[in-house]
Amino acid sequence: MKTTERSRCRYAWGILAAVMLLVFGLAWNVQAASLGRAEIKSVKTRTADCQRVYWKKVSGAGGYQLAYKMNSGKYKYQTVSGSASVHADVKKRRPEERYTYRVRAYKLVKKDKVYGSWSDEVVSYLQKDVAIYGREASYGTYGQFYKSSAAAKKHMKAVTVKTWDFASGKKGRKITKKWTIYVHKNLADTVKRAFNEIYRGSEKFPIHALGGWRQGSGRSEHYDGTAIDINPDENCQKINGKVVVGKYWRPGRDPYSIPKDGEVARILRKYGFTQGVFWGKNNLDYMHFSYFGT
């Protein structure tokens with residue numbers, strides 16, 4: 001075959017390939033266009049670390065893809081198979097962080113997924129009170145939400161966590177300790193993740209006393225299972241300058257005292273807990289970490 005004929009042949013095949021790609025692309029776009037645009041209906045808080053996203057059903061959809069990100073981070077994706085499923089749970093949420101969600105439908109065309117258009121973005125924050133109590137609650141009810149200790153007990157769950165402590169005294173070799181405490185069932189996974197992060201931290205902060213839910217009357221987040229005390233003797237509570245619980249607070253001198261900006265305080269703050277040092281200078285509770293800040 002002459003060179004000119006070969007060139008013409010290659011040119012013809014190139015034109016044919018381009019036309020086929022164009023036709024295939026148009027057909028693909030038609031398939032995608034046949035799917036309506038998804039729309040998010042609502043985002044609801046389920047537990048202390050979980051939100052559920054609801055969207056409207058899209059006709060002809062074989063499933064959905066949910067995209068979500070925290071603050072200005074990158075989107076992560078979750079596939080929901082089946083046209084009947086119109087919601088998805090997104091876990092490992094953190095309070096006071098901004099979460100953005102969007103969703104789109106897809107259908108299968110010869111085993112390939114063809115996607116419709118993305119919905120508008122919806123921004124949501126995890127509601128602490130709904131996460132714990134299942135409904136909105138006023139500030140004055142935190143720590144006394146349940147009418148009795150028996151009523152509160154029904155909502156508690158045992159969690160086992162690992163911490164570090166000294167093998168002997170207050171210096172030298174550290175060993176692993178296991179603790180089982182009770183906290184609110186909707187806070188249990190959050191507590192486990194927080195203490196797992198503390199345990200894996202570089203400080204290997206030593207803990208020789210740890211408490212969660214306890215029974216009592218009056219007002220305390222411990223009675224609702226939303227507070228934790230750490231090393232109370234070395235992290236005292238002071239009211240009007242007088243120690244009323246524990247012995248002292250000496251960060252830097254006593255290894256059991258918790259520094260305000262140390263690893264323990266930072267990690268628990270990350271998971272929504274506030275240390276009792278922000279109530280004002282007349283009430284300082286260094287051992288106390290509460291979910292609602294009371």
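Look a little higher up for the structure.
Let me sum up the structure you'll find in this document. (Residues numbered from 1 in each chain as written. Predicted model: local features only at pLDDT ≥ 70, side-chain atom pairs only at ≥ 80, totals over all residues. Heavy atoms only, no water.)

1. Looking at a nonpolar patch on the surface
Right, so step 1: A contiguous nonpolar patch, built from Ile239, Val244 and Val245 and spanning about 210 Å² of accessible area, is present on the exposed surface.
Right, so step 2: Along the chain, the position of Ile239 falls in strand β13 (residues 235-239).
Right, so step 3: A residue is classified by how much of its surface remains accessible, and Ile239, at 35% relative accessible area, is partly exposed. (Patch = residues over 30% accessible without salt bridge, like charges linked within 9 Å, V, L, I, M, F, W, Y side chains within 5 Å. Areas by Shrake-Rupley, 256 points an atom, 1.4 Å probe, with all protein chains shown as cover. Salt bridge = Lys/Arg side-chain N within 4 Å of Asp/Glu carboxyl O. Helix = DSSP H or I, 4+ residues; strand = E, 2+ residues; numbered from the N terminus. Buried < 20%, exposed > 50% of the residue type's maximum accessible area, 1.4 Å probe, protein only.)

2. As for the packing of aromatic side chains
Geometrically, a pair of aromatic rings is defined through the distance of the ring centres and the angle of the planes.
Right, so step 1: According to the stated counting rule, one finds 16 aromatic pairs in the structure shown.
Right, so step 2: Relative to Tyr146, the ring of Tyr133 has its centre 6.1 Å away and its plane inclined at 70°; by these criteria the two rings are edge-to-face. Placement of Tyr133 in helix α2 (residues 128-133) and of Tyr146 in the loop between α2 and α3 (149-153) is noted, with a sequence separation of 13 residues between them.
Right, so step 3: The buried category is assigned to Tyr133, whose relative accessible area is 10%.
Right, so step 4: Taken together, Tyr133, Tyr139, Tyr142, Phe145, Tyr146, Phe273, Tyr291 and Phe292 form an aromatic cluster joined through their ring pairs.
Right, so step 5: The ring of Tyr75 carries Arg102 above its face, with NZ or CZ at 4.4 Å from the centroid.
Right, so step 6: Sitting over the face of the ring of Tyr248, Arg250 holds its NZ or CZ atom 3.8 Å from the ring centroid. (Phe/Tyr/Trp six-rings, centres within 6.5 Å; stacked < 30°, edge-to-face > 60°. Lys NZ or Arg CZ within 6 Å of the ring centre and 35° of its normal.)

3. Side note on the sheet that holds strand β5 (residues 87-91)
Each strand in a sheet pairs with its neighbour through backbone hydrogen bonds, running either in the same direction (parallel) or in the opposite one (antiparallel).
Right, so step 1: The 3 strands are arranged β1-β2-β5 in an open sheet whose pairing can be described as antiparallel. One side of each edge strand has no neighbouring strand; the edge strands of this open sheet are β1 (40-47) and β5. The average undirected angle you get between the axes of adjacent strands in this sheet is 20°.
Right, so step 2: Here β1 runs beside strand β2 (residues 50-55); their pairing, made up of 6 bridges, is antiparallel. In the strand pairing of β2, Ser42 is matched with Tyr54. (Pairing = 2+ DSSP bridges. Axes fitted to C-alpha atoms, helices over the stretch in contact; angles between N-to-C directions.)

4. What to know about the pairing of strand β16 (residues 283-290)
Right, so step 1: In terms of burial, β16 is a largely internal element, 7 of the 8 residues being buried.
Right, so step 2: Across 3 bridges, strand β12 (residues 227-230) lies against β16 in antiparallel orientation. Across the sheet, residue Ile228 finds its bridge partner in β16, namely Phe289.
Right, so step 3: Here β13 runs beside β16; their pairing, made up of 3 bridges, is antiparallel. Pairing of Ile239 across the sheet is with Asn283, part of β16.
Right, so step 4: Where strand β15 (residues 274-276) meets β16, 3 bridges bridge the pair, whose relative direction is antiparallel.

5. Let's talk about the environment of Gln275
Right, so step 1: Its place among the elements puts Gln275 in strand β15.
Right, so step 2: Owing to a relative accessible area of 4%, Gln275 belongs among the buried residues under this scheme.
Right, so step 3: Leaving out residues up to four positions away in the same chain, Gln275 has contacts with Ile258, Lys260, Ala265, Asp285, Tyr286, His288 and Phe289.
Right, so step 4: Within the structure, Gln275 has its side chain in polar contact with the backbone oxygen of Tyr286 (distance 2.9 Å). (Contact = heavy atoms within 4.5 Å. Polar contact = N/O pair within 3.5 Å; in protein donor to acceptor, adjacent residues only side chain to side chain.)

6. As for the side chain of Asp49
Right, so step 1: Tracing the chain through its elements places Asp49 in the loop between β1 and β2.
Right, so step 2: Among the residues examined, Asp49 registers a relative accessible area of 7% and is labelled buried.
Right, so step 3: One polar contact links Asp49 to Thr47, side chain to side chain, over a distance of 2.9 Å.
Right, so step 4: At a separation of 2.8 Å, a polar atom in the side chain of Asp49 contacts the side chain of Arg193.
Right, so step 5: Setting aside residues no more than four positions away along its own chain, Asp49 makes contact with Val90, Lys91, Lys92, Arg93, Leu126, Asp189, Thr190 and Arg193.

7. Some remarks on the packing of helix α4 (residues 188-200) against helix α6 (residues 263-270)
Right, so step 1: At a minimum axis separation of 9 Å, α4 and α6 run at an interaxial angle of 150°. By the angle class used here, α4 and α6 are roughly antiparallel. The handedness of the crossing between α4 and α6 is right-handed. Residues Ala194, Phe195, Glu197 and Ile198 of α4 pack against Glu263, Val264, Ile267, Leu268 and Lys270 of α6.
Right, so step 2: Among the residues forming the contact of α4 with α6, the class breakdown is 6 nonpolar, no polar and 3 charged. (Parallel < 35°, antiparallel > 145°, perpendicular 65-115°, else oblique. Left-handed = near helix turned anticlockwise from the far one by under 90°. Nonpolar A, V, L, I, M, F, W, Y, C, P; charged D, E, K, R; others polar.)

8. Description of the pairing of β12
Right, so step 1: Across the two faces of β12 the burial is the same, with Ala227 and Asp229 and Ile228 and Ile230 all buried.
Right, so step 2: Judged from the 2 bridges that link them, strand β11 (residues 210-211) and β12 form a sheet pairing that is antiparallel. From the neighbouring strand, Gly211 faces β12, where its bridge partner is Asp229.

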